[in-house]
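Working through the structure, step by step
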Amino acid sequence: MSIYNCPHCGKRTFNPWTKAFAGQLNSYGKPCQECGRRVVNGKAATIFNAVYSTLAIAALIVIYLLGDVKYNERFPFIHHYGFLINIGLFLSILLVPRLVNAFCFPLDKAIKIDLNRR
Ligand SMILES: [Zn+2]
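Quantities reported herein were computed from a predicted structural model and do not represent experimental measurements. Per chain, the residues get numbers from 1 upward, laid out in the order the sequence is written. In view of the model being predicted, local features appear only for residues whose pLDDT reaches at least 70, and side-chain atom pairs are presented and counted only at 80 or more, with totals across whole chains, interfaces and linings using the full set of residues.

On to the environment of K112. In this text, helices come from DSSP runs of H or I with a minimum length of four residues, and strands from runs of E with a minimum of two, each type numbered from the N-terminal end. Take K112: it is sitting in the segment after strand 3 (107-109). Here the C-beta atoms are placed from the backbone, and a residue counts as buried if at least 20 other C-beta atoms lie within 10 Å of its own, exposed if 12 or fewer do, and partly exposed otherwise. Assessed through the 13 C-beta atoms surrounding it within 10 Å, K112 is described here as partly exposed. Counting along the chain gives 46 residues from K112 to L66, while the straight-line C-alpha distance between them is 41 Å. For every residue pair, C-beta atoms are placed from the backbone, and the pair is scored as a contact if these atoms sit within 7 Å. The residues contacting K112, other than those within four sequence positions of it, are N26, S27 and Y28.

See the structure below:
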């Protein structure tokens, strides 16, 4: 079974693009085109993305601190390029979870209750 199959009806109704925007366990998810029930990226994707974001933010803070003028002599590379590295890290926090959702880990049933649903 492909990671793009709906966990409710088993039909392949998602592609990398729609899967990337289906959200994670903490979101309402996207309705399947076949059965209309809501689908999100599963536990593995949610955990991976949480861990990745945490590590990337930690690295961002460390680089920010090491790039401080005080450490200029000891960390010249970070002093000169830390800002660029942090821009890259920041963008990766936005992009990596989307890419991971698009290409890795299976979909799962949405567990969050949709209050607008009748
Ligand atoms: Zn379905």
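Packed helix pairs are characterised by how far apart their axes lie and by the angle those axes make with each other. Interaxial distance between helix 2 (residues 43-66) and helix 3 (residues 76-103) falls to 9 Å at its minimum, and their mutual angle equals 170 degrees. Comparing the axis directions of helix 2 and helix 3 gives the class roughly antiparallel. Together, A45, F48, N49, Y52, S53, A56, I57, A59, L60, I63, Y64 and L66 of helix 2 and I78, G82, I85, N86, L89, F90, S92, I93, V96, P97, V100 and N101 of helix 3 make up the contact between the two elements. Basically, the charged four are Asp, Glu, Lys and Arg, the nonpolar ten are Ala, Val, Leu, Ile, Met, Phe, Trp, Tyr, Cys and Pro, and anything else, Gly included, counts as polar. A class-by-class count of the residues in the contact of helix 2 with helix 3 yields 18 nonpolar, 6 polar and no charged. A fitted line through C-alpha atoms serves as each axis, taken over the contacting stretch for helices, and the angle formed by two N-to-C directions is quoted from 0 to 180°. Orientation is classified from the angle alone, with under 35 degrees giving roughly parallel, over 145 giving roughly antiparallel, 65 to 115 giving roughly perpendicular, and any other angle giving oblique.

What follows covers the sheet that holds strand 2 (residues 38-41). Read from one edge of the open sheet, 3 strands run 1-2-3, paired in antiparallel fashion. Either end of the sheet is taken by a strand with one partner, and the two such strands are strand 1 (30-31) and strand 3. Looking at chain direction, strand 1 and strand 2 are connected through 2 bridges and run antiparallel. Note that in strand 2 the partner of K30 across the bridge is V39. Two strands qualify as a pair provided DSSP detects at least 2 bridges between them.

Only buried Ala, Val, Leu, Ile, Met, Phe, Trp, Tyr and Cys residues enter a nonpolar core, and they are joined through C-beta atoms within 7 Å. With 8 residues, the main nonpolar core is built from C6, F14, A22, C32, V39, V40, L107 and A110. Those residues in contact with A110 that lie beyond four places of it in its chain are Y28, G29, R38, V39 and V40.

To continue, consider the pairing of strand 2. Here strand 2 shows no split at all, with R38 and V40 on one side and V39 and N41 on the other all buried. Taken together, strand 1 and the strand that follows it, strand 2, pair antiparallel across an intervening segment of 6 residues, in which G36 is found at a positive phi of about 80 degrees. Across 3 bridges, strand 2 lies against strand 3 in antiparallel orientation. Across the sheet, residue V40 finds its bridge partner in strand 3, namely D108.

Just distances and angles here, no functional claims.
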